[in-house]
Amino acid sequence: MKFLALVARRLGATLVVLWLVASAIFLAIRAVPGDPAEAIMGGPGSQASEQALAEARAAYGLDRPVLVQYAMFLGRLAVGDFGTSYSLKRPVAEVMGEVLPPTLLLASCALLTAWLLATIGGLLAVRATALGSALGSLAEIVAAALPHFWLGSVLIMLFSTALGWLPAVDTGTPAGMLLPVLTLALPLAGFLTQLLRDSLATALGSDFVLAARARGESKTSVFFRHALRHSMLPVLSLSGWAFASLLSGAVVVEAVFARPGLGRALLSAVLARDIPMVTGIALFSAAVYMLFMTLADAIASMLGGRVHAA
Amino acid sequence: MPSVSRARRVLSLSIGLPVALTLLAACAPSNPESSTSQASVDPVAGGTLVYASGDAEPTCLDPHVGGNYPQALVASQYLETLFTKDAEGKIVPWLAESTELSDDGLHRTITLREGITFHDGTKLTAEAIKANIEHLQDPNTASSTGYLAVGKIEKVTVTDELTAELTLASKDNALLESLSMPWTAIESPEALKRPKAVNCTSPVGTGPFKVESWQTQQAVNLVRNENYQPPVAQPERSQPTAYLEGISWRFIPEAATRYAALQSGEVDIIDNAQPDTIATAATSGAFGHLDAPRPGAANRLELNSSKAPFDDQLVREAFIRSLDVNSGINALLFNTAQRSYSLLSSVEPLGISEPDLFTPDVQKANALLDEAGWTERDAEGYRVKDGKRLSLTFPVSTNQSVPAEQSLFEQMQASAKEVGVEVKIQLLDLSSWYGALAEHEYNLVSAPYTKVGPSVLRILYHSDSTVPAPSGYFANNAQLKNPKLDELLTRAEETNDEAERAELYAQAQRLVLEGYYVLPLYDQQNHFLYGKHVHQVGDTTAVSSPVYYNTFLAK
């Protein structure tokens, strides 16, 4: 019951967040200088005639009073209608449907890779000497601080230009996925390893671990059977945040590796001031973030951990 | 990043061109230097060229819609124009066979070549000219560049199967130049009847390649047009159709990734090659380089003469004299660009060059500023007059100015400081940049402009061009309002006499240059790097966009 209540509460919160995000976007658009009709008629610096601009305004309802526009905007969103892209002249939902799978694939692979690297890092940390531990810690901090743009470029220079092992451009082959996934996963892995190391240290120092060790269990066994399971909780509950950070990282990584996806669509949409497209992607990202927070908490709650109230 | 090219208004008039029927390769190599080295290899048919563009992916593959350079680059493979430019820069017929102008200069007859067919099987007839001009003029098309290029055409009358008569609202000796640009290319009238969204994804032309499919964010797939017959016979070729089976046109926005993909052989050719990369590639000798400067205006700084301090010619000259542009081009652009002292691109035959006006002279700059009354200095060393600092706002579009050019501007900023002038560089995205110009919040600006022919001068410097379009856009960034100049530009676009046209445009250019309204920098850069296995790269359209009809792949 507690579990269902949690999910219900989170869903309610999600709706509120989405409404706030939608309203903030609606207001922000009006605060940005420039005529949306211009974006519809060919983008910045357009030389569209007054007549053409007026027609575009009428076609997109931009000639209505602001409150009416706001109501129409929310009404359409409520039934899942994100509108028509200004620059592509196609339904936003349709475009997002096309670019979403490659981004989800990239982000999921990166998240799994980061988890895997973090677990290995955590295991090594447990067995490490003081010096090794210090070096490991340093490596984690450095990795966590690496900007995606820089890391992606360095990986290309190293593995594509210098060594010639992997393609620089991701054209959908498994080999092409490696560098983009690593670029996204490494900084996150650094962060997650730090988190895991801290909670592992706490767990390994706790009574139940001492008791297990006293029973004669090996360090590795204790690590996997007791400490790791315990320490995964904070890592899991941060995965909602982590996934959202991967989505934003995808903007950079997709541009660097010329990979199709949501991030690249967002970048083009921002540059073209394609408001419906930006709105659609922003709302979708917010929804995904909330969904993953809820999922992570639900899993954590099932694993028996305590979940802080949202 | 690409410069956004746009033609603002069609200039009037005539290139009195008794158009000769000759012309061999209308798309003649604009840069023999880049294509001769591999001339010895015999053409081989087959293979797909993988092209990597650094431009933003077009939202529509029909260059009638909007009308920017990235669209022209790709459309040059599948669409053709009525006219084009030969190796000497002369406008010559392409899909058209001949053209004639009436004595009053208001009726232009265009006769098409016989036997040309669109990719969809539709025959090229005079109806196509009518349908295309009307498509460009239809507000629903949302054409910008092409719309302005055909703005003086009042109506198109089909007089027989292959002949159409264009009635002009006023004389326009730039019309044939306008009709040589890919933004006015001829598409199948049947295909134009389809909904706009469909035509945008699969425009139908007469070119050597056709659009097979477009996977957005991945590639535009072009395949060879197996029925292609070049409008002008190409006796030296072993086959009338393109050598390449197709072109995979990809978009790789990151310059470093693009070059890495070229190095690893993932792609065969890249555009928007950056100065550092070009220099590296030249040293290694591993790649071919096509340098195809765009026509129209040279890249230049324009000084806003409508407000202080650049309403004072002394200050304008002082600012220009304080800068050593050449050393910046050497150091920051690795000599990949040739310094220009002209308003027009070096590919424009009617451009004039005035190097002496722009010789750097710091002493003179200081003297001129003293003379203009900017004699006091503030705590930071900047000149002050009536309590106001000599300060210049310089909005820079990060979409249009590549990093090397931004560095050049920063070097200018440092040089200007030496004579007590503050330059405030503002790096802006394209929308904000246009916004700053529309609000007149600039003293200095660099705004590229691509167009075929000297008529671009009217767009950029006639006082009419200070009047904003509904979006706030105007092209006369120097804010020149000089009745004498207006008159020269108007007469230049109306005359039917080629020599008089040249002389009038020369006078107009001198007037602008000598008034220090503009600091020319270099041609609009347009660099391509390609693997050594790619041969016969170098043919270009009138707007310097390469055509890969003659290109072939051979190890």
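For the structure itself, look to the data block above.
Residues numbered from 1 in each chain as written. Chains lettered and ligands numbered in written order. Predicted model: local features only at pLDDT ≥ 70, side-chain atom pairs only at ≥ 80, totals over all residues. Heavy atoms only, no water.

**Remarks on the overall build of chain A**
And step 1. When helices and strands are tallied, chain A shows 13 helices and 0 strands.
And step 2. Its helices and strands in sequence order give chain A the pattern α-α-α-α-α-α-α-α-α-α-α-α-α, from N to C terminus.
And step 3. Dimensions of chain A, computed from C-alpha atoms along their principal axes, come out at roughly 85 × 55 × 30 Å.
And step 4. Burial statistics for chain A: of 310 residues in total, 43% are counted as buried.
And step 5. Long-range contacts, defined here as pairs at least 24 residues apart, represent 74% of the contacts in chain A between residues at least 6 apart. (Helix = DSSP H or I, 4+ residues; strand = E, 2+ residues; numbered from the N terminus. Buried < 20%, exposed > 50% of the residue type's maximum accessible area, 1.4 Å probe, protein only. Contact = heavy atoms within 4.5 Å.)

**A few points about the interface of chain A and chain B**
And step 1. Each partner contributes to the interface: chain A provides 37 residues, whereas chain B provides 33 residues.
And step 2. In total, chain A and chain B occlude about 2,800 Å² of area from one another, counting both sides; carbon and sulfur atoms represent 56% of this.
And step 3. Along the contact surface separating chain A from chain B lie 0 salt bridges.
And step 4. Among the secondary structure elements, those contributing two or more residues to the side of chain A that touches chain B are α3 (50-59), α5 (92-127), α7 (148-162), α11 (239-256) and α12 (262-271) of chain A.
And step 5. Top contributing element to the side of chain A that touches chain B by residue count: α3 of chain A, with 5 residues.
And step 6. In the side of chain A that touches chain B, the residues fall into 19 nonpolar, 10 polar and 8 charged. (Buried area = accessible area lost by both parts, 1.4 Å probe. Salt bridge = Lys/Arg side-chain N within 4 Å of Asp/Glu carboxyl O. Nonpolar A, V, L, I, M, F, W, Y, C, P; charged D, E, K, R; others polar.)

**Overview of the pairing of strand β9 (residues 219-224) of chain B**
Residue and element names in this part refer to chain B.
And step 1. Summarising burial for β9: 5 of the 6 residues are buried, a large majority.
And step 2. Examined bridge by bridge, strand β8 (residues 209-215) and β9 share 6 bridges and lie antiparallel to one another. By the bridge assignment, Val 211 is partnered in β9 with Leu 222.
And step 3. Between the antiparallel neighbours β8 and β9 lie 3 residues, among them Gln 217 with a positive phi of about 70 degrees.
And step 4. As paired strands, β9 and strand β10 (residues 246-251) are joined by 5 bridges and run antiparallel to one another. From the neighbouring strand, Val 220 faces β10, where its bridge partner is Trp 249. (Pairing = 2+ DSSP bridges.)

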